[in-house]
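In case you want the letters, here they are:
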Amino acid sequence: MANDKNQPPSGEPPQDENQIIAERRGKLARLRESGPAFPNDFRRKDLAAELQRAYGGKTKEELEAVKPSATVAGRMMLKRVMGKASFATLQDMSGQIQIYINNDVTGAETHEAFKHWDLGDILGVEGMVFRTNKGELSIHAAKLRLLAKAVRPLPDKFHGLADMEQRYRQRYVDLIVNPESREVFIKRSKIVQAIREFFVARDYLEVETPMMHSIPGGAAARPFKTHHNALDMELFLRIAPELYLKRLTVGGLEKVFEINRNFRNEGISTRHNPEFTMLEFYEAYQDYRYLMDLTEALLKEIAQKVLGTTTLAYQGVTVDLGRAFDRLTMAEAIAKHNPRYPLAELAKPEYLKIALAPFDIEVFPTDGVGLLQLKLFEATTEDKLVDPTFIIAHPVDVSPLARANDANPAVTDRFELFITGREIANGFSELNDPEDQAARFTAQAQAKEAGDEEAMYYDADYIRALEYGMPPAAGEGIGIDRLVMLFTDSPSIRDVILFPQLKAEEI
RNA sequence: GGGGCGUUAGCUCAGCUGGUAGAGCAGCGGACUUUUAAUCCGUUGGUCGGCGAUUCGAAUUCGCCACGCCCUACCA
């Protein structure tokens, strides 16, 4: 099958041909007989939403006195033919507007042609803006043209497209007929724009670092492998930009951010797509506490710009981003949300092992207090962190790139931000000691030798960069897709990615 | 990877315990000069996801496969 993929059809009619498509192909063939069937000489001057805004407040009489003209183009979503007069609803990028066609103004010949045009066709209209007896703002078409024929029918005009598979595979159809889907992607764009504005306003430099790495690093994940022919070289799609962005702080780009794709060769779920978008940012001469303040400010600003409020609803729960975010260690969070575990006991490995016993979690004799706390945290507390909560001081074992705490080297100066029980951000004071970093890489490389597929590689060039002196810095990553899920109340990551990864389909 | 559920006309969906497939919308034909999910009359359209089994007979029961959704595991 792989070989006939993406080959042009071979004379045989496509599998999904049907009566409706055949009918429309016939109409298209007749169109071709009378000139270009897909003309590109129509210039629209007005957008539906702008007309609604400009004339929405005018009465029927006021409009008749002024007779404003308008030129719009769009897809025909609804059509009502009533003999000698017809109505249609056009949809453009901004919204919808009704057009009115009759024999007197539009002309009988054009009207007759219009009657055979189909829902989904793209039309261009020029005419007077007026208000109908029922009060609908409309354009009385003086000129009306078919600009692009739709050979395939649109889904049900009232129910839209419900089949999730078809919505994901044929997003173009979903976007035409499901306004709420369009809204999600408009919001996504606004969120990304708000993020850019936030960092640019703080003198950050937006950069683009390689997506193809010879040594994948910066995260614990299995990479995609690829091959460069001319260089005859194995390459990996990046799992994170982190190590390159920190090289830039060595280079003197002291405030950098990147919004771009990461690729991880792992399972697919409602929260995981193989390629996903990450924001990562690094600032020299700052620490993780500063980052927590910055993160709060960022989320509040996005919420204000995109939603107009700091209160949001996600899948039935309300979250207030306006309040100060909680900052708790794992032990504190466990004790706070599970009163059955006293805080003082959570510092004792023996107690933690007993507490973990009822859960189906692997505990190793070598697990220290930090790891045991992490396991108990994930089992009992993570999903209870509905309101924004920073969890701080992660064990050093699970944070190979974070700076160890000066007072307690077993933990790192790190935080993760949880909202609605999900991790939204991960940041820390960066490890800039080349010898400490080399030792941690060595430990990771040994773990990889021992079979841990997600352990990191030893990155000698990264160590070399640190040896030139990296300024003390703090850095953070935020998964954009999950952030968009939160802000758009989307239950699945596929709802916020235009073309999510699915298994190959035979068309 | 493991478990559950789903797949019927272009779209949205009915179809009980097996008796040979329906509606609405869309399409086609007709009526209608201010409709708006227009309305009214008539009408076309389906190898019921695929393959196999049971049966006189399968959309319906059973098995396998494909694709999707949800949960779960790893992670962001």
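The present account deals with the structure reproduced in this document. Quick caveat: nothing in here was measured; it's all calculated off a predicted structure.

1. Considerations on helix H7 (residues 179–200)
Moving on, step 1. With 22 residues, H7 should reach 32 Å at 1.5 Å per residue; the first-to-last C-alpha distance of 32 Å fits that figure.
Moving on, step 2. Inspection of H7 places Ser181, Val184, Phe185, Arg188, Ile191, Val192, Ala194, Ile195, Phe198 and Phe199 among the buried residues, and these make up the whole buried set.

2. Details of the protein's contact with RNA strand B
Moving on, step 1. Near RNA strand B there are 53 residues, and of these Gln19, Lys134, Lys157, His272 and Arg482 occur at the shortest range.
Moving on, step 2. Each atom of RNA strand B within 4 Å of the protein was classed as base or backbone; sugar and phosphate made up 56%.
Moving on, step 3. Residue assignment for the surface near RNA strand B shows that the elements contributing at least two residues are helix H1 (19–33), strand E1 (69–81), strand E2 (85–91), strand E3 (96–102) and helix H5 (164–169).
Moving on, step 4. Ranked by residue count, the leading element in the surface near RNA strand B is H5, at five residues.
Moving on, step 5. Tallied by class, residues from the surface near RNA strand B come to 18 nonpolar, 14 polar and 21 charged.

3. Quick notes on the pattern of salt bridges
Moving on, step 1. Following the criterion strictly, the structure yields 33 salt bridges and no others.
Moving on, step 2. Its salt-bridge partner being Glu242, residue Lys246 comes within 2.8 Å of it at the nearest N-O pair. With Lys246 and Glu242 both in helix H8 (residues 242–250) and four residues apart, the pair spans about one turn of that helix. Assigned by exposure class, Lys246 and Glu242 land together as buried.
Moving on, step 3. For Arg464, the salt bridge is made with Asp461, and the minimal N-O distance between the two is 2.9 Å. Of the two residues, Arg464 and Asp461 both sit in helix H14 (residues 460–467), three residues apart, roughly one turn of that helix.
Moving on, step 4. Salt bridges sharing common partners tie together Arg24, Lys27, Asp118, Asp121 and Lys149.

4. Focus on the side chain of Gln444
Moving on, step 1. Assignment of secondary structure puts Gln444 in helix H13 (residues 434–449).
Moving on, step 2. Beyond its immediate sequence surroundings of up to four residues, Gln444 is in contact with Pro400, Ala455 and Met456.

5. Some thoughts on the packing of H8 against H14
Moving on, step 1. At their nearest, the axes of H8 and H14 sit 9 Å apart, and the two run at 25° to each other. With respect to each other, H8 and H14 are oriented roughly parallel. Between H8 and H14 lies a crossing of left-handed hand. Residues Leu243, Lys246, Arg247 and Val250 of H8 lie in contact with H14, whose contacting residues are Asp461, Tyr462 and Ala465.

6. Some remarks on the sheet that holds strand E16 (residues 414–419)
Moving on, step 1. On the basis of which strands lie adjacent, the open sheet formed by eight strands has the order E6-E10-E11-E18-E17-E16-E15-E14 and mixed pairing. The open sheet has two edge strands with one neighbour each: strand E6 (205–206) and strand E14 (326–329).
Moving on, step 2. Those strands touched by H8 are strand E10 (255–263), strand E11 (275–284) and strand E17 (422–429), and its axis lies near 25° from that of E11.
Moving on, step 3. Strands in contact with helix H9 (residues 288–306) are E11, E14, strand E15 (389–392), E16, E17 and strand E18 (473–479); relative to E16, the strand with the most contacts, it is inclined by about 25°.

7. Re the packing of aromatic side chains
Moving on, step 1. As enumerated under the stated definition, the model contains 14 aromatic pairs in all.
Moving on, step 2. Measuring from ring centre to ring centre gives 5.2 Å for Phe198 and Phe199, while their planes differ by 80°; the resulting arrangement is edge-to-face.
Moving on, step 3. Ring geometry for Phe377 versus Phe418: centroids 5.5 Å apart, planes at 70°, classification edge-to-face. With Phe377 in helix H12 (residues 369–380) and Phe418 in strand E16, the pair connects residues that are 41 residues apart, well separated along the chain.

What counts as what
Residues numbered from 1 in each chain as written. Chains lettered and ligands numbered in written order. Predicted model: local features only at pLDDT ≥ 70, side-chain atom pairs only at ≥ 80, totals over all residues. Heavy atoms only, no water. Helix = DSSP H or I, 4+ residues; strand = E, 2+ residues; numbered from the N terminus. Expected span 1.5 Å × (residues − 1). Buried < 20%, exposed > 50% of the residue type's maximum accessible area, 1.4 Å probe, protein only. Near = heavy atom within 4 Å. Nonpolar A, V, L, I, M, F, W, Y, C, P; charged D, E, K, R; others polar. Salt bridge = Lys/Arg side-chain N within 4 Å of Asp/Glu carboxyl O. Contact = heavy atoms within 4.5 Å. Axes fitted to C-alpha atoms, helices over the stretch in contact; angles between N-to-C directions. Parallel < 35°, antiparallel > 145°, perpendicular 65-115°, else oblique. Left-handed = near helix turned anticlockwise from the far one by under 90°. Pairing = 2+ DSSP bridges. Phe/Tyr/Trp six-rings, centres within 6.5 Å; stacked < 30°, edge-to-face > 60°.

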